[in-house]
Amino acid sequence: MAEVIQGGISKRGRFLGIKALQNKGRGNRYAVVVSSRVSKKAHERNTLKRRVREILRKSQKEAGLYGWDIVILCKAEALPLSFSELEREVKALFDAVTQNETSRHYIY
């Protein structure tokens, strides 16, 4: 995970951030990070992680990504979002990664 955070493609949206690094065809590997700064309540952090993981599971094929290590970084603003709003944000970040831009990019 440290390699992805230090050397990966970085994209940020309004509610989530993504770091992605190609892993030489070993399939996709995901990590979802929700800091205690997002919420002091563990059940809120875990709910957000579960929602994002489910979105990743559902959109894995349609994302067009294969052979990537992906870290999703959640912001505090993501807590009150509905499932569909989170899904829209994740898909926008995936689209930005597939464009293969190496510069920092903000999606709003």
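Before reading on, note that the structure itself is shown above.
Residues numbered from 1 in each chain as written. Predicted model: local features only at pLDDT ≥ 70, side-chain atom pairs only at ≥ 80, totals over all residues. Heavy atoms only, no water.

1. Points about the environment of Gly-17
Put simply, the rule is: Comment: elements are numbered from the N terminus, with helices defined as DSSP H or I runs of at least four residues and strands as E runs of at least two. When accessible area is computed with a 1.4 Å probe and restricted to protein chains, residues below 20% of their type maximum are described as buried, those above 50% as exposed, and intermediate ones as partly exposed. By the convention used here, residues are in contact when the closest approach between their heavy atoms is within 4.5 Å.
In this structure, Gly-17 sits in strand β2 (residues 16-22). Residue classification places Gly-17 among the buried residues on the basis of a relative accessible area of 5%. Along the backbone, Gly-17 and Ile-72 are 55 residues apart, and their C-alpha atoms lie at a distance of 5.8 Å. Those residues in contact with Gly-17, other than ones at most four positions away along the chain, are Lys-11, Arg-12, Val-71, Ile-72, Leu-73 and Leu-93.

2. Describing the pairing of strand β4 (residues 68-74)
What counts, and what does not: A pair of strands is labelled paired if DSSP reports no fewer than 2 bridges between them.
Burial within β4 is extensive, with 6 of its 7 residues counted as buried. Of the pairings in the sheet, the one linking β2 to β4 comprises 7 bridges and is antiparallel in character. Looking across to β4, one finds that Ala-20 is bridged to Ile-70. With 5 bridges joining them, strand β3 (residues 29-33) and β4 adopt parallel strand pairing. Residue Val-32 lies in a different strand from β4, and its bridge partner there is Ile-72.

Fair warning: the whole summary comes from geometry, so function is off the table for now.
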